[in-house]
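Below, each chain spelled out in residue letters.
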Amino acid sequence: MLILSCSSKLRLLEGTLWRGLPDILLVSGTVITINWGKPAAQEVLVDSWPKFKVILTQMCRKVKLLNDSDLYTNTYTVYYRDLGASRALLASACAVNWGQTFRILGLQDGVYEVCKDIAKAKGIKLEVLRYFTYFHPDPSSTPEIWSVLDPAMKLSSLDVSHADLLNETWVFGGNEKSRKYLANLICHFPSVCLLDAAWHPVSWITSYPFGAMGLFYTLPQHWQCGYMGMLNNLLIKRLHTLGYPSYGCVAVENYPMQRLDSPDFWVFFFYRLLLPPIPCPDFSHLLYCHPI
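On a predicted model such as this, the values are computed, not experimentally measured, just so you know.

Thresholds applied
- Residues numbered from 1 in each chain as written.
- Predicted model: local features only at pLDDT ≥ 70, side-chain atom pairs only at ≥ 80, totals over all residues.
- Heavy atoms only, no water.
- Helix = DSSP H or I, 4+ residues; strand = E, 2+ residues; numbered from the N terminus.
- Buried < 20%, exposed > 50% of the residue type's maximum accessible area, 1.4 Å probe, protein only.

J.: Any chance you could explain unusual backbone geometry here in plain terms?
T.: With the exception of glycine, the majority of residues adopt a negative phi angle, and the majority of peptide bonds are in the trans configuration. Here the bond from Leu21 into Pro22 is cis, since omega is 5°, no more than 30 degrees from zero. Turning to its location among the elements, Pro22 is positioned in the loop between α1 (7-18) and α2 (25-35). For the peptide bond that leads from Trp49 to Pro50, omega is 5°, which places it in the cis range. By secondary structure assignment, the location of Pro50 is in the loop between β2 (42-46) and β3 (54-59). Residues other than glycine seldom take positive phi values, yet Trp199 does so here, at roughly 65°. For Trp199, a relative accessible area of 53% gives the class exposed. The phi torsion at Gln224 lies on the positive side, around 65°, for a residue other than glycine. Along the chain, the position of Gln224 falls in the loop between β10 (213-218) and α8 (227-241). For Gln224, a relative accessible area of 78% puts it in the exposed group.

Laid out in structure tokens, this is it:
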């Protein structure tokens, strides 16, 4: 196992990963974030270099040790070319701390199979969530989408003062750890929102450290106005200009969000989030996704 800390190697890796899209979206987005120098405190592990069979991104070791129960901070993304190499790395105590509450994000079926086997051997029960991942190779070629706005509405970016509102409406939120995580996303990663006459957000989308769009939400009184389609279009173009692959994650049950883009723009994958309950809050509500 090697930790890639050299900036030239990370730049070389970024270029290599672009040729592996879309299976490698999650890892690629994280590597781009690292190379941009954004404060995500992530590091990249590979089984070998320069010819690698598996890549794992994780929080830097010092950060990982701060809180064993912080689901939001303890996040891994993984991509493999060889399933056996993936199994060996994920099972290594030097790579994944199976004694923490954490999540592993991957787009390949083998990621789930390997994690399931490791968890079973360790006596850990996994929670599995399925998401569609949509990817567009060139959003700059898509037409602009605009909704008819009330003149009092303002197009803007989220502000850290909006973290409490996002925490209240996010299906994964409602606690102090999630509020801090959302505040960090707002401060350091692209977002777009619509503000009403009182400068309160009514519709918004953020982006994650792994480059995906997420946290789509529109307040109920503003449903059916076309706001989310417009914001989705704006943010995906902005991320594209920053050098990120253009993709987002949508819960399988979130049918309104899945219909925002033309079917020609969608490539579907399973996006799985795995949680050992040590200790773990009640996730019985996670399969519910707020409608747009």
